[in-house]
Amino acid sequence: MSVLVYVEQVEGKFKKSVFEAVSYAKAIADAQGSSLTAIAIGNIEVSELQELGKYGASKVLTVTDDQLKTFVNQAYAAVVAEAAKKEGADIVVLSNSFSGKGLAPRIAVKLEAGLIDGAVELPKMDGGQFLVKKTAFSGKAYAVTSLTSAIKVVALNPNAYGVKENATEISIESFSPEVKATDLAAIVKEIVRATNKVSLPDAEIVVSAGRGLKGPENWGMVEELAGLLGAATACSKPVSDADWRPHSEHVGQTGIAISPNLYIAIGISGAIQHLAGVSSSKVIVVINKDPEAPFFKVADYGIVGDAFEVVPRLIEALKAHKG
Ligand SMILES: Cc1cc2nc3c(=O)[nH]c(=O)nc-3n(C[C@H](O)[C@H](O)[C@H](O)COP(=O)(O)OP(=O)(O)OC[C@H]3O[C@@H](n4cnc5c(N)ncnc54)[C@H](O)[C@@H]3O)c2cc1C
């Protein structure tokens, strides 16, 4: 009995969502009275691997096979499943990130495990039960799901649990599972990076704008506000459909689902398909000139006003505050 956590790296570095998944997995291991092992794929500096010890991992298995240089769903899932077997892990944890969403069900199939994706709380494990609260219906509701399988896979929603330090001595061990050609049937040939300065899925603050901004020429103030806040920029679907902004910024049911600590929505009506991707944000601020805009119903703070007056004033106030 033990817990395994998959730690996704980007260019040799771990993101905050990884430390969050390790913190979460450590809490499960403690509740179970077992230990936590991490599995990392790719070339990662020892100092970066040691960071995982800060959040409770007592061992990290590292896989540095050249065939796994870029993310390949099937092959990565096979490696994580092999690591789980090697460690005798009965619970596998990973972040429900963009790649985690593809990976989690594949790991579950390979381990014949039950799967919870979109977990938002620690499991309740009293009396032999394993109950996990998770998002359902594109984030519009929660479900409490019971897993009865011997092996369990849990994909944690980013920003749902938080990063918790739990310093543990960590050992680093290399691991070389066999990579089957059948698991490399679809491989990434080229990665074209979106130009966003802050990565949208991982951003703590997101400044988003919609059709209320009238045209792409008006995004200067959105970018300036985002820059001052260290935020990523996002947009509604019609905005990216009209090519005012790149598709990588489109959030919602058919775009990226995000859960930042702060989501600022400017000139966005708050259609149900938009809310599906942003409603799990911790704090929502809405700026809209229509007091009846549906977005106000889910807002923590609402500003009824013209974006072309409100946003420049916000920028001015932030500059004064910073100065
Ligand atoms: C199957 C399906 C999937 C979809 N998926 C998505 C999705 O993933 N993401 C998504 O966003 N949408 C999605 N949509 C579209 C969605 O239904 C809405 O049409 C869309 O979200 C509206 O975008 P908007 O709020 O930018 O524009 P609008 O609905 O046109 O709203 C503009 C808002 O700006 C306000 N406004 C206007 N001028 C100003 C001003 N000067 N200052 C302040 N406020 C102003 C208006 O009051 C209005 O509330 C989907 C639709 C379907 C059918």
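Residues numbered from 1 in each chain as written. Predicted model: local features only at pLDDT ≥ 70, side-chain atom pairs only at ≥ 80, totals over all residues. Heavy atoms only, no water.

(A) Representation of the site of the ligand. What surrounds the ligand is a group of 26 residues, the closest being Ser-236, Thr-254, Ser-269, Gln-273 and Asn-288. Within the backbone of Val-251, one N or O atom sits 2.9 Å away from a nitrogen atom of the ligand. With respect to the ligand, the side chain of His-274 contributes an N or O atom lying 2.8 Å from an oxygen atom. Every element with two or more residues in the shell around the ligand is listed here: helix H6 (237-241), helix H7 (272-278) and helix H8 (307-322). In terms of residue class, the shell around the ligand is made up of six nonpolar, 14 polar and six charged. (Near = heavy atom within 4 Å. Polar contact = N/O pair within 3.5 Å; in protein donor to acceptor, adjacent residues only side chain to side chain. Helix = DSSP H or I, 4+ residues; strand = E, 2+ residues; numbered from the N terminus. Nonpolar A, V, L, I, M, F, W, Y, C, P; charged D, E, K, R; others polar.)

(B) The sheet that holds strand E15 (residues 283-288), seen in detail. Strand order in the open sheet made by the five strands is E13-E12-E14-E15-E16, with parallel pairing throughout. Pairing within the sheet leaves two strands with one partner each, and these edge strands are strand E13 (232-235) and strand E16 (301-304). Averaged over all pairs of adjacent strands, the angle between strand axes in this sheet comes to 15°, irrespective of strand direction. The pairing of strand E14 (residues 262-266) with E15 spans five bridges and is classified as parallel. Across the sheet, the residue bridging to Ile-264 is Val-285, located in E15. Docked against the sheet, helix H5 (residues 220-229) engages strand E12 (205-209), E13 and E14, running at close to 175° with respect to E12. H8 rests against E14, E15 and E16 of the sheet, and its axis sits at about 130° to E15. (Pairing = 2+ DSSP bridges. Axes fitted to C-alpha atoms, helices over the stretch in contact; angles between N-to-C directions. Contact = heavy atoms within 4.5 Å.)

(C) Region of the structure containing the packing of aromatic side chains. In total, this model carries six aromatic pairs according to the counting rule given. Judged by centre distance (6.2 Å) and plane angle (80°), the rings of Phe-14 and Phe-19 are edge-to-face. Of the two residues, Phe-14 and Phe-19, neither departs from the other in class, the shared state being buried. A ring pair is formed by Trp-219 and Trp-244, whose centres lie 6.0 Å apart and whose planes are at 65°; its orientation type is edge-to-face. Of this pair, Trp-219 sits in the loop between E12 and H5 while Trp-244 is found in the loop between H6 and E14, placing the two residues 25 residues apart along the sequence. Given a relative accessible area of 2%, Trp-219 falls into the buried group. Ring-pair connections join several aromatic residues into one group, and the members of that group are Phe-14, Phe-19 and Tyr-55. (Phe/Tyr/Trp six-rings, centres within 6.5 Å; stacked < 30°, edge-to-face > 60°. Buried < 20%, exposed > 50% of the residue type's maximum accessible area, 1.4 Å probe, protein only.)

(D) A look at the pattern of salt bridges. A full pass over the atoms with the stated rule returns 18 salt bridges. Taken together, the salt bridges that share partners define one network made up of Lys-59, Lys-86, Glu-87 and Glu-173. (Salt bridge = Lys/Arg side-chain N within 4 Å of Asp/Glu carboxyl O.)

(E) The pairing of strand E5 (residues 59-63), seen in detail. With five of five residues buried, E5 is to be regarded as a mostly interior element. On E5, burial covers both faces: Lys-59, Leu-61 and Val-63 on one face and Val-60 and Thr-62 on the other are all buried. Sheet analysis places strand E4 (residues 36-41) next to E5, joined by five bridges and oriented parallel. When the bridges of E5 are listed, Ile-41 appears paired with Val-63. The β-α-β motif built from E4, the intervening helix H2 (residues 46-54) and the parallel element E5 has right-handed crossover chirality. Across four bridges, the pairing between E5 and strand E11 (residues 171-174) is parallel. If you follow Thr-62 over to E11, its bridge partner there is Ser-174. (Right-handed = clockwise from strand over helix to strand, strands pointing away.)

(F) Up close: unusual backbone geometry. Even without glycine at this site, Lys-214 takes up a positive phi of about 75°. Secondary-structure assignment places Lys-214 in the loop between E12 and H5. Using a relative accessible area of 51% as the deciding quantity, one classes Lys-214 as exposed. Even without being glycine, Asp-243 reaches a positive phi, approximately 65°. Residue position: Asp-243 is located in the loop between H6 and E14. Residue class for Asp-243 comes out exposed when judged on its relative accessible area of 61%.

(G) Spotlight on H2. Every buried residue of H2 is accounted for by Glu-48, Leu-49, Leu-52 and Gly-53. Those residues of H2 hidden inside the fold are in contact with strand E3 (13-14), helix H1 (16-32), E4, E5 and E11. Looking at the residues trailing H2, positive phi occurs at Gly-56, about 115°.

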